[in-house]
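# Survey of secondary and tertiary structure
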Amino acid sequence: MAAIIAIQITERAKQNQSFVLGLATGSTPILLYKELIRLHREDGLSFANVISFNLDEYYGLPADDPQSYHEFMRANLFSQIDLPPHQAHIPGGVIPRDQVPAHCSGYEKAIKEAGGIDLQILGIGGSGHIGFNEPPSDERSTTRLVSLDPITRRDAADSFSGIGNVPTEAITMGVKTILRSRQVFMMAWGENKASIVARSLQESPSPALPATQLQRHPDVHYLLDESAASKISQ
Ligand code: F6R
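Read on for an overview of the structure. What you see is a predicted model, and the numbers here were worked out from it, not measured in a lab.

### A short note on the packing of helix α2 (residues 30-43) against helix α3 (residues 69-76)
The geometry of α2 relative to α3 is characterised by a closest axis approach of 10 Å and an angle of 40 degrees between their N-to-C directions. With respect to their mutual orientation, α2 and α3 come out oblique. Contacts between α2 and α3 pair Ile30, Tyr33 and Ile37 from the former with Phe72, Met73 and Asn76 from the latter. By residue class, the composition of the contact of α2 with α3 is 5 nonpolar, 1 polar and no charged.

Next up, the structure:
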C-alpha cells in the first residue's frame, strides 16, 4: 500500500502536480504510516506535493486532546514527514454547532478545489461504518455531523478509559464524498474484522451496512490479512 502511494505521489511530483490523499485514523493504518515515514526518511519520498483530507474527527475534542484525530495524525504521521501543514485537512472537532453546516460544506468545497481525492484509505468499523458513516448512511450523504453508533462507542471504550468518555458525535465525510474518490483502498486486519468484512462484500449495497456501498465504486481494492478474509465465502 505504501509503495502504491509512493509511486503515485512521485509520478505526480515529476509532472509538477499535486496528489490528493484521503487519510484514515484508528489502528488499521498505523503500519502503513510507519512505512510511509520510513520511505520519507530512507528513500527520500517527499510529501511536498501532497494535499490530504482526513475522513473524520470526534465532535467535542479540541485538536490538542490526546484522543483527537488531529493529535493521532500529528503523532503517527504528520510530525515525521514533510507534508506542509496548510495542505493537511481534518474536520474540526470544536466548531460551534450553528457553524457546523458551513464547516462541512467548506470541507466538501476544499476537496473539490484540490481536484478531488485521488486515493482514499479506509478501515471498517464493527458497525459496518466507513469514516464515521454509521448505519443508516446512504450514498447521497456528504460531510456532516453524525451520532456515533453504540458499537463504535463500545469499540472505542478502552482507549477512552470507559464508554462514558467516548464522544457521542463526530464530523465525517459522507458515503458520497468517499465514493467520489478516484481509487479506494479498504484495509482490514485480524479475526475480529472477519464477519463485517465478509458482510460488506456479500450483502447487497444498502445504507444499513454503509461499507456495502463500496461495491458501487469502479476502482475499490480490499487489502486483507488471512484472518480478516477468513469468512468470505468462495
Ligand atoms: C477512522 C475511521 C474509521 C476506522 C474504523 C476502523 O478515521 O474513519 O472508519 O477506519 O473504525 O478502526 P480501526 O482501524 O481502529 O479498527
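There's more to say after this.
### Things to note about the site of the ligand
The ligand sits among 13 residues. The nearest are Thr28, Asp56, His129, Gly131 and Lys193. Measuring from an oxygen atom of the ligand, one finds a backbone N or O atom of Ser27 at 2.9 Å. Gly131 is positioned with one of its backbone polar atoms (N or O) 2.7 Å from an oxygen atom of the ligand. Coverage of the ligand by the protein amounts to 87% of the 410 Å² it exposes when considered alone. For the shell around the ligand, the per-class residue count stands at 3 nonpolar, 8 polar and 2 charged.

### Here we look at the sheet that holds strand β7 (residues 169-172)
The sheet built from 3 strands is open, its strands ordered β3-β7-β6 with antiparallel pairing. With partners counted over all chains shown, the strands left at the sheet margins are β3 (56-58) and β6 (144-147), one partner each. Going from strand to strand, the sheet's axes swing by 25 degrees on average, the running direction of each strand aside. Relative to β7, β6 runs antiparallel, the two being bridged by 4 bridges. Paired with Leu145 across the two strands is Ile171, which belongs to β7.

### Some details on the nonpolar core
Side chains of nonpolar character tend, in soluble globular proteins, to be buried together. One finds Ile5, Leu32, Leu36, Leu77 and Ile121 to be the most contacted residues of the largest nonpolar core, which totals 61 residues. Setting aside residues no more than four positions away along its own chain, Leu77 makes contact with Leu23, Tyr33, Leu36, Ile37 and Phe72. By size, the runner-up hydrophobic cluster in this structure holds 5 residues, among which are Tyr59, Val100, Cys104 and Ile171.

### Points about the side chain of Asn54
Tracing the sequence through the fold places Asn54 in strand β2 (residues 50-54). Classification of Asn54 by relative accessible area gives buried; the value is 0%. With near-sequence residues (within four places) excluded, Asn54 lies in contact with Leu23, Ala24, Thr25, Met73, Phe78, His89, Ile90, Pro91, Tyr107 and Met173.

### Some remarks on the sheet that holds strand β9 (residues 220-224)
If you trace the 6 strands from one edge of the open sheet to the other, you get β4-β2-β1-β5-β8-β9, paired in parallel fashion. Both edges of this open sheet fall to β4 (88-89) and β9, since each of them pairs with a single strand only. Sheet topology note: the β2/β4 ladder contains 2 bridges and is parallel. Paired with Ser52 across the two strands is Ala88, which belongs to β4.

### A few points about the environment of Gly22
You can see Gly22 is positioned in strand β1 (residues 19-23). What makes Gly22 buried here is its relative accessible area of 0%. Placed 30 residues apart in sequence, Gly22 and Ser52 show a C-alpha to C-alpha distance of 5.7 Å. Not counting residues up to four positions away in its chain, the partners in contact with Gly22 are Phe53, Ile117, Leu119, Gln120 and Ile121.

### Observations regarding the pattern of salt bridges
With the rule as written, the count across this model stands at 13 salt bridges. A salt bridge links Glu71 to Arg74, with the nearest nitrogen and oxygen atoms 2.8 Å apart. Note that Glu71 and Arg74 are positioned in helix α3 at a spacing of 3 residues, about one turn of the helix. Taking the relative accessible area as the measure of exposure, Arg74 reaches 42% and is therefore partly exposed. With a closest N to O distance of 3.1 Å, Arg180 and Glu108 form a salt bridge. Of this pair, Arg180 sits in the loop between α6 (175-179) and β8 (183-188) while Glu108 is found in helix α4 (residues 100-113), placing the two residues 72 residues apart along the sequence. The network of salt bridges with common partners includes Arg12, Asp118 and Arg182.

Quick notes on the rules
Residues numbered from 1 in each chain as written. Predicted model: local features only at pLDDT ≥ 70, side-chain atom pairs only at ≥ 80, totals over all residues. Heavy atoms only, no water. Axes fitted to C-alpha atoms, helices over the stretch in contact; angles between N-to-C directions. Helix = DSSP H or I, 4+ residues; strand = E, 2+ residues; numbered from the N terminus. Parallel < 35°, antiparallel > 145°, perpendicular 65-115°, else oblique. Contact = heavy atoms within 4.5 Å. Nonpolar A, V, L, I, M, F, W, Y, C, P; charged D, E, K, R; others polar. Near = heavy atom within 4 Å. Polar contact = N/O pair within 3.5 Å; in protein donor to acceptor, adjacent residues only side chain to side chain. Areas by Shrake-Rupley, 256 points an atom, 1.4 Å probe, with all protein chains shown as cover. Pairing = 2+ DSSP bridges. Core = buried A, V, L, I, M, F, W, Y, C linked by side-chain atoms within 4.5 Å. Buried < 20%, exposed > 50% of the residue type's maximum accessible area, 1.4 Å probe, protein only. Salt bridge = Lys/Arg side-chain N within 4 Å of Asp/Glu carboxyl O.

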